[in-house]
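Examination of the molecular architecture
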Amino acid sequence: MSGHHDDHGQIHAHEHEQHAHGHGHGHGHHHHHAAPSNHSRAFAIAIALNSIFVVVEFAYGFIANSTALMADAGHNLSDVLGLTLAWGAAILTRRLPDGRYTYGLRSTTMLAALFNVMLLMLACGAIAWEAVQQLLHPSPVAGMTVAVVAGVGIIVNGISACLFMAGSKDDINIRAAYQHMAADAAISFGVLVAGLVVMYTAWNWLDPAVSIGIVLLILLGTWSLLGESLRMMLAAVPGNVDAPTVEQFLRSSAGVSDVHDMHIWSMSTTETALTAHLVMPAGYPGDSVMDGINAQLKEQFKIHHSTLQVELGTTMHACCLHQNG
């Protein structure tokens, strides 16, 4: 998209592009907001399965005197909350832009991903705490009951994880839900093994010990997702976009002598935005050229929303942030 006249009086042609969604590509090239994938069915099934399992697991954990089962039930409750949050965000992304929220509510997916990871870490902390208490004050554990309920947990969480597997590749919000479910399946498997061993050996300490080990593995696997979520919230350049390469592409475009004030950030867990000033001494090159640049940015760099401001370069345009990015 091309820019507009600024306070310095430089030419920012293509002013007529301000139609449709507020930053179209000119001459009918409206900027269509692709509807996010609908995972409502997956969320509904996963939430229903986990809600039922939370009640069953906690009840049998209490009966079997298994800290691992009761702690895992609490963990699964956090799953239900996390999935509900992620589902709500996925629904909000489909809300069309309006006068106040000009990009719609796409950024809620980033919030949901961050909160989902934080919930998972809090749940892990609760499990670790209960496990330590069980280690310090061991008590008999009904191994068979623990093993059976944990086996059901593997099935429930395994099915839930599979529902989100495909969408987890391109959407961090769905990936957070997927990792949450996969982590639950791992916990249930550990509890199953512990229950079987306790049943045959009466090593009651193994029940909480396995829980602590699994918590550590989950934290290691979740750390990168936490970092990615935080970077998104801080408007960092997405990990799948190489800013210097994008800048070099813009500089090599026909008629461009310089590029400044370039910023790249995540609009949502699936969409990337870019703004940049292009110094073009010959003036605005025409709609077809600008549309071509926008199309290349989308095709080569997965940048879905680009706003390009054209300048003649007759005055200084210092970036208020003093650097590109």
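Bear in mind that the values here come from a model prediction, so they are computed numbers and not experimental data.

Attention shifts here to the packing of helix H4 (residues 143-165) against helix H5 (residues 172-201). It is at 7 Å that the axes of H4 and H5 come closest, and there the two elements cross at 160°. Between H4 and H5, the angle falls in the class roughly antiparallel. As H4 runs across H5, the sense of the crossing is left-handed. Taken together, the residues of the contact of H4 with H5 sort by class into 20 nonpolar, 8 polar and 1 charged.

Another point: the pairing of strand E2 (residues 272-279). Where burial is concerned, most of E2 is hidden: 7 out of the 8 residues are buried. Hairpin connection, strand E1 (residues 258-266) to E2: the antiparallel pair is bridged by 5 residues. Read from E2 through helix H8 (residues 287-301) to strand E3 (residues 305-311), the crossover connection turns out right-handed.

Judged by nonpolar contacts, the single largest core of 24 residues is most densely connected at Val146, Ile187, Val191 and Ile218. Of all the elements in the fold, those that place two or more residues in this core are helix H1 (40-64), helix H2 (67-92), helix H3 (108-136), H4, H5 and helix H6 (206-233). Here this core gets 6 residues from one element, more than from any other, and that element is H5. Setting aside chain neighbours within four positions, we find Val146 in contact with Ala64, Ser66, Leu69, Val141, Val191, Gly195 and Asp207. Val246, Val259, Ala276 and Leu308 belong to the second largest nonpolar core, which has 20 residues in total.

Before going further, it helps to spend a moment on the packing of aromatic side chains. Inspection of the entire model under this criterion finds 4 aromatic pairs. Centre to centre, the rings of Phe43 and Trp87 are 6.3 Å apart; their planes meet at 10°, and the pair counts as stacked. A residue pair is termed long-range when its members are at least 10 positions apart, and Phe43 in helix H1 and Trp87 in helix H2 qualify at 44 residues. According to the relative accessible area criterion, Trp87 is partly exposed, its value standing at 25%. For Phe43, a relative accessible area of 0% translates into the label buried. An aromatic cluster is present here, built from Phe43, Trp87 and Phe164 joined pairwise through their rings.

On to H4. The end-to-end C-alpha distance of H4, which contains 23 residues, comes to 32 Å, matching closely the 33 Å that a straight helix rising 1.5 Å per residue would cover. The complete set of buried residues in H4 reads Gly143, Val146, Ala147, Val149, Ala150, Gly151, Gly153, Val156, Asn157, Ser160, Ala161 and Phe164.

Below, the discussion takes up the confidence of the model for the protein chain. Residue-level pLDDT values for the protein chain average 78, and 84% of them are 70 or greater. Here H2 stands out as the least confident element of the protein chain, with mean pLDDT 76; helix H7 (residues 243-251) is the most confident, with 94. Predicted confidence for residues 1-36 stays below pLDDT 50, and this span has 96 contacts to residues more than four positions away or in other chains. Across residues 320-325 the pLDDT falls below 50, and counting only partners more than four positions away or on other chains, this stretch makes 11 contacts in the model.

Another aspect to go through is the side chain of Ser306. When you line up the elements, Ser306 lands in strand E3. Overall, Ser306 belongs to the buried group, its relative accessible area being 2%. In this structure the side chain of Ser306 is engaged in a polar contact, spanning 2.4 Å, whose partner is the side chain of Asn294.

A separate point is the sheet that holds E3. Read across the open sheet, the 3 strands follow the order E1-E2-E3; overall the sheet is mixed. Sheet topology places E1 and E3 at the edges, where each strand pairs with a single neighbour. Taking the axes of each pair of neighbouring strands and ignoring which way they run, one obtains an average angle of 10° across the sheet. Two strands pair when backbone bridges link them, and E2 and E3 are joined in this way by 7 bridges, in the parallel orientation. The residue of E3 that forms the bridge with Leu274 is Ser306. Lying over the sheet, H7 contacts E1, E2 and E3, oriented at roughly 140° with respect to E1. Those strands touched by H8 are E2 and E3, and its axis lies near 140° from that of E3.

A few words on the pattern of salt bridges. In the structure shown here, the tally under the stated rule is 2 salt bridges. Here Arg251 ties to Glu247 by a salt bridge, and the two come within 2.8 Å at their closest N and O atoms. Highlighted residues: Arg251 and Glu247, both in helix H7, separated by 4 residues, approximately one helical turn. Given a relative accessible area of 31%, Arg251 falls into the partly exposed group. Given a relative accessible area of 16%, Glu247 falls into the buried group. Between Asp258 and Arg251 there is a salt bridge, with its nearest N and O atoms 2.7 Å apart. Several salt bridges converge on common partners, so that one network encompasses Glu247, Arg251 and Asp258.

Cut-offs and rules
- Residues numbered from 1 in each chain as written.
- Predicted model: local features only at pLDDT ≥ 70, side-chain atom pairs only at ≥ 80, totals over all residues.
- Heavy atoms only, no water.
- Axes fitted to C-alpha atoms, helices over the stretch in contact; angles between N-to-C directions.
- Helix = DSSP H or I, 4+ residues; strand = E, 2+ residues; numbered from the N terminus.
- Parallel < 35°, antiparallel > 145°, perpendicular 65-115°, else oblique.
- Left-handed = near helix turned anticlockwise from the far one by under 90°.
- Nonpolar A, V, L, I, M, F, W, Y, C, P; charged D, E, K, R; others polar.
- Buried < 20%, exposed > 50% of the residue type's maximum accessible area, 1.4 Å probe, protein only.
- Pairing = 2+ DSSP bridges.
- Right-handed = clockwise from strand over helix to strand, strands pointing away.
- Core = buried A, V, L, I, M, F, W, Y, C linked by side-chain atoms within 4.5 Å.
- Contact = heavy atoms within 4.5 Å.
- Phe/Tyr/Trp six-rings, centres within 6.5 Å; stacked < 30°, edge-to-face > 60°.
- Expected span 1.5 Å × (residues − 1).
- pLDDT = per-residue confidence, 0-100.
- Polar contact = N/O pair within 3.5 Å; in protein donor to acceptor, adjacent residues only side chain to side chain.
- Salt bridge = Lys/Arg side-chain N within 4 Å of Asp/Glu carboxyl O.

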